[in-house]
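Spelled out from the first residue to the last, the chains are:
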Amino acid sequence: MLPEPTTLAVFGSHLLVERSGAQEVLRDHWVLLEGRRIAAITPTRPGADIVLDRPGRFVLPGLINLHNHCFSEMIARTHTEDGAGRKNDRSIIYTVLMPLTRIGLERYSPEERMAVARLGMLQLLKGGNATVMEPFRNGMPEMFAAAEEMGLRFYGAPYLMSTPDAQEGADGVVRYRGDDGAADLATWAQLHETWQGRDHGRIRLALSPHATDTCGPDLLRTIAARARELGVLNAIHLAQSKGEVATIRERHGRTPAEYLDWLGVLNPDLLAAHCIACTDEDLGLMARRGVTVLNCPRVFARAGIVANFARFRAHGLRTAVATDGYNLDLLGELHAAAIISKTQTGDAEVATAPELIDAVTREAAAAIRRPDLGVLRVGATADLTVVDLSHPHLQPLYDPRRALVWLANRANIDSVIVDGRLLVEGGRYLHADEAAVTAAGVAAIEKLWALPEARAAFAG
Ligand SMILES: [Zn+2]
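Residues numbered from 1 in each chain as written. Predicted model: local features only at pLDDT ≥ 70, side-chain atom pairs only at ≥ 80, totals over all residues. Heavy atoms only, no water.

1. Structural notes on the coordination of the zinc ion
Under perfect tetrahedral coordination by four donors, a metal shows angles of 109.5 degrees; under perfect octahedral coordination by six donors, it shows angles of 90 or 180 degrees.
Next, step 1: Distances from the zinc ion to its protein donors, namely His67 (NE2), His69 (NE2), His237 (NE2) and Asp324 (OD), fall within the range 2.0 to 2.2 Å.
Next, step 2: For the zinc ion, the four donor atoms are set out with angles of 84 to 154 degrees between them, so the coordination reads as irregular.
Next, step 3: Each donor residue of the zinc ion lies on the same chain, and together they follow the pattern H-x1-H-x167-H-x86-D. Here the residue His69 occupies a position in the loop between strand 6 (63-65) and helix 1 (70-76), and Asp324 occupies one in the loop between strand 16 (318-321) and helix 13 (330-345), the gap between them amounting to 255 residues. The two residues His69 and Asp324 agree in class, both being buried. (Donors = N, O, S within 2.8 Å, 3.2 Å for Na, K, Ca; no water. Tetrahedral: all angles 85-135°; square planar, octahedral: opposite > 155°, others 65-115°. Helix = DSSP H or I, 4+ residues; strand = E, 2+ residues; numbered from the N terminus. Buried < 20%, exposed > 50% of the residue type's maximum accessible area, 1.4 Å probe, protein only.)

In structure tokens form, the structure reads like this:
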């Protein structure tokens, strides 16, 4: 059981604050947390039950990662790099990742699913993520249980699909039986009933239609109406491959973004992951509709594909940076977003460090309609990510924001506080044995790879 929040004071040599709507770095102040709120930001040392008083710390609002897949990332890592598993130059989503997660769902015990979820969340927390949105295979309630147990702020997004078994044909077109998603919607409603708002609102759900090619028109319309009715977010994969574009063109004579707009689904409730195969016209349309893009550059870079943060921003789209199914490393993702944006546009001035930090703080908070997150101010929710900038590789230090994006890595995360609870301190997770969590997660994943069906996903 996690302890109840008390009072906690953190000293920052640098603090990321907002002044007159603009990001600014404040020097040598304390942040005082009382319960689940920021009570003061002050130059004088406040009294508190827990005091973190170390020089060289950069105190940021808790980082927000709006698109992550613990399960498919950890089972695939070091198996799918360097093109392994790809067939006919196509995405591994339908040929490798979905079959593997399905095997995991069907063959794992609840305790094994918990073990995998705990290992992923341990990596996320140690990497500075305070809030995570996690789309995952419907039927894994353990994701919620693990998030509740480990303390991160969690938006669980169990997939909704028109089929439990999407299959990609040799022509690259995804086909499925049925077109209603009733079973997934029923499971989602049960999970919503059980988990929505748990632990003072720390655990929540989003609706998550998997993608345009795995969800039929009726299901997508139903989901959008439910999102409105329940006041929850709607998160989808959109234009994530050329195959998806071809499928939607064949079925509906439209691009994936036009398809969603035709259904009335392209609106400010929508968080659209990837969008790499969107046309410029699509992006303009999405910007007019107030859609947020979730940009995950490294999972595509791994496959030789560009996912350019600056391209989305140039169209005026709210763009958050997230990890997707690669490495669970948000700081690494910011660094990649900077490099890929600059090399793709040939312009060093795009995707600056402040802009990228906004993409995992204020902009991400705005995308999920949480003005209490993503900002250090009195009254805001007590989520903090603290980075240790005293490491030799970060010195000398002139600009902490540039140091964070260009020089730091996740091993430099010092502390993570969520809802006033100190979860990570000195780089260590405080509320479980890291080695035991790691060993149990690894054992569960090794069991999957021992199955012939898993190895078959890679065969010709
Ligand atoms: Zn994804």
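2. Quick look at the sheet that holds strand 15 (residues 292-295)
Next, step 1: If you trace the four strands from one edge of the open sheet to the other, you get 13-14-15-16, paired in parallel fashion. Edge positions in the sheet fall to strand 13 (234-238) and strand 16, since each of these pairs with one other strand and no more. Pairs of neighbouring strands in the sheet enclose a mean axial angle of 30 degrees, with direction left out of account. (Pairing = 2+ DSSP bridges. Axes fitted to C-alpha atoms, helices over the stretch in contact; angles between N-to-C directions.)

3. Examining the packing of helix 13 against helix 16 (residues 400-407)
Next, step 1: Running from amino to carboxyl end, helix 13 crosses helix 16 at an angle of 90 degrees, the nearest separation of the two axes being 7 Å. Relative to helix 16, the element helix 13 is oriented roughly perpendicular. Seen from helix 13, the contacting residues are Leu331, Leu334, His335, Ala338, Ile339 and Lys342; seen from helix 16, they are Leu404, Val405 and Trp406.
Next, step 2: Partitioned by chemical class, the residues of the contact of helix 13 with helix 16 number seven nonpolar, one polar and one charged. (Parallel < 35°, antiparallel > 145°, perpendicular 65-115°, else oblique. Contact = heavy atoms within 4.5 Å. Nonpolar A, V, L, I, M, F, W, Y, C, P; charged D, E, K, R; others polar.)

4. Brief notes about the pairing of strand 1 (residues 7-19)
Next, step 1: Along strand 1, 10 of the 13 residues are buried, which leaves the element largely enclosed by surrounding structure.
Next, step 2: A loop of two residues connects strand 1 with strand 2 (residues 22-34), the two strands running antiparallel in sequence, and Ser20 in this loop sits at a positive phi of about 50 degrees.
Next, step 3: Here strand 1 runs beside strand 4 (residues 50-52); their pairing, made up of three bridges, is parallel. In the sheet register, Ala9 faces strand 4, and the bridge partner there is Val51.
Next, step 4: Sheet topology places strand 1 next to strand 5 (residues 57-61); two bridges connect them, and they run parallel. Within strand 5, the position partnered with His14 by the bridge is Phe58.

5. Here's the deal with the side chain of Asp269
Next, step 1: Here Asp269 is to be found in the loop between helix 9 (256-262) and strand 14 (270-274).
Next, step 2: For Asp269, a relative accessible area of 5% puts it in the buried group.
Next, step 3: In this structure Asp269 touches Arg228, Leu233, Asn234 and Arg369, once residues within four positions along its chain are discounted.

6. A closer look at the packing of helix 3 (residues 110-126) against helix 4 (residues 142-150)
Next, step 1: In the contact formed by helix 3 and helix 4, the axes pass within 9 Å of each other and the chain directions differ by 50 degrees. When the interaxial angle is binned, helix 3 and helix 4 end up oblique. As for the relative orientation of helix 3 and helix 4, their crossing is right-handed in sense. Residue-level contacts link Pro110, Arg113, Met114, Ala117, Arg118, Met121, Leu122 and Leu125 of helix 3 to Glu142, Met143, Ala145, Ala146, Ala147, Glu149 and Met150 of helix 4.
Next, step 2: A class-by-class count of the residues in the contact of helix 3 with helix 4 yields 11 nonpolar, no polar and four charged. (Left-handed = near helix turned anticlockwise from the far one by under 90°.)

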